[in-house]
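Descriptive analysis of the structure
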Amino acid sequence: VIVDPKNTSRICSDCGKKNHEFDGLTQSQWLGTRNWTCPYCHKNHDRDINASLNILNRGLNQLNIQ
Ligand SMILES: [Zn+2]
């Protein structure tokens, strides 16, 4: 399964909303952000674990198994 990785680092894997607090950051500021807290559901995320959960969920959605 091939998954579009767009925004997977910025979308909360818990509530599914995109965190727009990162929109104004430079590339290096954004890449330096290792942890963040969702402004909507207040879940704290490790950047890479959150992204990998989003990628997994997208892949499962494409297979229609959840
Ligand atoms: Zn959230």
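Residues numbered from 1 in each chain as written. Predicted model: local features only at pLDDT ≥ 70, side-chain atom pairs only at ≥ 80, totals over all residues. Heavy atoms only, no water.

1. Considerations on the environment of D14
Tracing the backbone through its elements, the reader meets D14 in the segment before α1 (27–31). Measuring from C-alpha to C-alpha, the distance between D14 and N44 comes to 9.8 Å, with 30 residues separating the pair along the chain. Beyond its immediate chain neighbours, meaning those up to four positions away, D14 contacts C41, K43 and H45. (Helix = DSSP H or I, 4+ residues; strand = E, 2+ residues; numbered from the N terminus. Contact = heavy atoms within 4.5 Å.)

2. Some points on the coordination of the zinc ion
Coordination of the zinc ion by the protein is provided by C12 (SG), C15 (SG), C38 (SG) and C41 (SG), with metal-donor distances spanning 2.3 to 2.4 Å. Each of the 4 donor atoms around the zinc ion contributes to a set of angles spanning 104 to 117°, which defines the coordination as tetrahedral. As a motif over one chain, the donors of the zinc ion read C-x2-C-x22-C-x2-C. Since its relative accessible area comes to 1%, C38 is described here as buried. (Donors = N, O, S within 2.8 Å, 3.2 Å for Na, K, Ca; no water. Tetrahedral: all angles 85-135°; square planar, octahedral: opposite > 155°, others 65-115°. Buried < 20%, exposed > 50% of the residue type's maximum accessible area, 1.4 Å probe, protein only.)

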